[in-house]
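Chain and residue survey
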Amino acid sequence: MQTVRFFREQGLVFPRRLRTGPNKGDLLWAAPHHARVLQVLHNPRYAGAFAYGRTRIRHRPDGGTSVVKVARADWQFVMPGMHQGYIDWERFEANQRRLADNARAFGGERRSGPAREGPALLQGRVVCGLCGERMGVRYSQEHGSTVPTYLCQANAVRRAGWTCQTVPGKIVDAGIADLMIELMTPMTLAVTLEVQRELEARAAETDAARRQHVERMRYEAELARRRYMKVDPDNRLVADSLEAEWNDKLRRHADAAEDYKRRNKQQAAALSVEAQRRILDLAEQLPRIWQDPRVDSRERKRIVRLLIDDVTLIKSQTITAHVRLSGGATRTLVLDRPLPIAQIRKFKPELVAEVDRLLDHHCDREVAEILNNHGWRTWEAKAFNLKKVAFIRCAYKLASRYERLRRRGMLTAREIAAKFCVSETAVHTWGRQGVIKKCYTDSLNRGLWEIPPGMTIRKGCGGRGARPAQLTSITAPSKE
């Protein structure tokens with residue numbers, strides 16, 4: 001559909017004959033449909049090639065005929081470069097492979113499909129390890145970002161059953177990304193290239209053996225031809241025997257030559273020194289390219305599809321991912337399941353112990369400032385404030401600063417006034433004079449006063465012999 005949209009946006013139109021209407025048979029220029037675009041993309045004339053044998057006429061028992069499309073490998077003639085095309089033949093071949101890969105998204109198994117939008121790296125490559133069905137992708141929002149989830153819903157769609165399993169995609173994709181970077185390291189590629197060179201050497205030895213076999217078959221056929229040419233024509237029995245032997249040698253030579261040609265095409269082409277250097281340079285640049293935010297998600301998916309065939313997921317206490325690489329090798333990744341949100345938001349025991357220790361000497365606001373200065377942060381990586389510290393106190397049933405001071409014997413202004421039979425104003429006056437020390441103050445200027453242990457307050461008096469209040473020892477003799 002994107003190709004159709006592109007044709008329409010570019011204003012491209014295709015002729016189409018009218019089948020009905022006043023001017024039947026006239027050409028009507030209209031926007032292309034999906035089937036017409038596919039017909040153009042699959043036509044070799046689009047790439048400047050001549051092809052013959054794309055269809056075959058089949059006769060039916062009733063006397064009619066039907067046109068059957070022939071597979072591309074069975075076309076009789078394909079001659080590229082016969083005329084000027086819109087694209088070159090290499091681009092046409094790449095388009096055919098892309099269309100064949102995209103067509104795998106349709107059908108009962110839905111094995112693959114085109115690389116589409118979305119951050120899920122394994123879209124179309126995930127297999128359920130419990131039922132063996134293909135797993136789909138569902139996206140959700142988490143902290144302002146799109147997060148994929150792989151789910152197996154074949155049972156739910158086909159038989160109205162339960163969803164087989166759901167696997168968080170952010171855990172699996174991170175493990176696959178690490179595996180991709182590990183596979184594309186310079187050391188790994190150097191070993192791969194060394195193995196490639198060894199395989200090329202062995203293939204060259206095998207090719208030499210096959211070529212010698214073809215030469216031997218050709219020599220035997222030539223020898224049989226010479227024997228047949230030297231025989232007396234009147235001796236028909238010997239001539240027929242030699243002719244049959246010659247035909248057999250020719251057939252063996254043709255079979256050997258065909259087998260040699262077929263195996264030679266299947267053999268991988270040798271990599272040049274320049275190609276090997278470019279591959280090693282790509283390995284060094286891949287981590288930087290992979291982490292670049294300007295790279296589209298579809299490009300990352302295409303890179304993954306070049307190296308990975310499929311990934312089988314099993315979710316239990318951990319997430320097990322069995323990765324099947326393109327060359328046939330397998331890797332197994334054991335990933336930890338993400339913690340529940342309740343455990344993620346839960347404060348660490350060492351943080352709670354630190355808050356409990358700081359509350360002995362500081363209030364909630366001071367505790368928040370000390371935690372921020374020491375580098376402590378919440379589960380959202382935010383700084384602490386008064387409400388966060390108060391929440392920790394209430395959640396873990398920690399005594400507040402006020403309660404701790406009360407346990408140490410601190411008294412309020414009213415309690416001190418009642419104890420020494422003075423007014424609360426006098427208590428505040430004693431505080432300003434430094435007789436007693438105010439240790440705690442709330443938002444309403446209410447606080448707790450500390451009288452040192454073993455000490456008492458001797459009240460002052462006014463008049464001629466005025467004296468201020470004094471803090472004296474309980475054991476000291478009184479002058480009154």
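Report follows, based on the coordinates.

Conventions and cut-offs
- Residues numbered from 1 in each chain as written.
- Predicted model: local features only at pLDDT ≥ 70, side-chain atom pairs only at ≥ 80, totals over all residues.
- Heavy atoms only, no water.
- Pairing = 2+ DSSP bridges.
- Helix = DSSP H or I, 4+ residues; strand = E, 2+ residues; numbered from the N terminus.
- Axes fitted to C-alpha atoms, helices over the stretch in contact; angles between N-to-C directions.
- Contact = heavy atoms within 4.5 Å.

1. Considering the sheet that holds strand β9 (residues 145-151)
Taken in spatial order, the three strands make up an open sheet running β8-β9-β10, and their pairing is antiparallel. Every interior strand has two partners, whereas the edge strands, β8 (136-142) and β10 (166-168), have only one. Ignoring strand direction, the axes of neighbouring strands in this sheet form an average angle of 35 degrees. Sheet analysis places β9 next to β10, joined by three bridges and oriented antiparallel. The residue bridging Leu 151 from the neighbouring strand is Thr 166, located in β10. On top of the sheet, helix α5 (residues 169-183) reaches β8, β9 and β10; it is set at about 90 degrees to β9, its chief contact.

2. Remarks on the sheet that holds strand β12 (residues 318-325)
Taken in spatial order, the four strands line up as β7-β11-β12-β13 in an open sheet, and their pairing is mixed. Edge strands, defined here as strands with exactly one partner in the open sheet, are β7 (126-128) and β13 (330-336). Between one strand and the next, the sheet's axes are offset by a mean angle of 25 degrees, whatever the strand orientation. Pairing geometry for β12 and β13, over seven bridges, is antiparallel. Opposite Ile 319, over in β13, you have Leu 335 as the bridge partner. In the packing of α5 onto the sheet, the strands contacted are β11 (308-315), β12 and β13, and the crossing angle to β13 comes to about 140 degrees. Packed on one face of the sheet, helix α9 (residues 297-307) meets β11 and β12 and runs near 95 degrees to β11.

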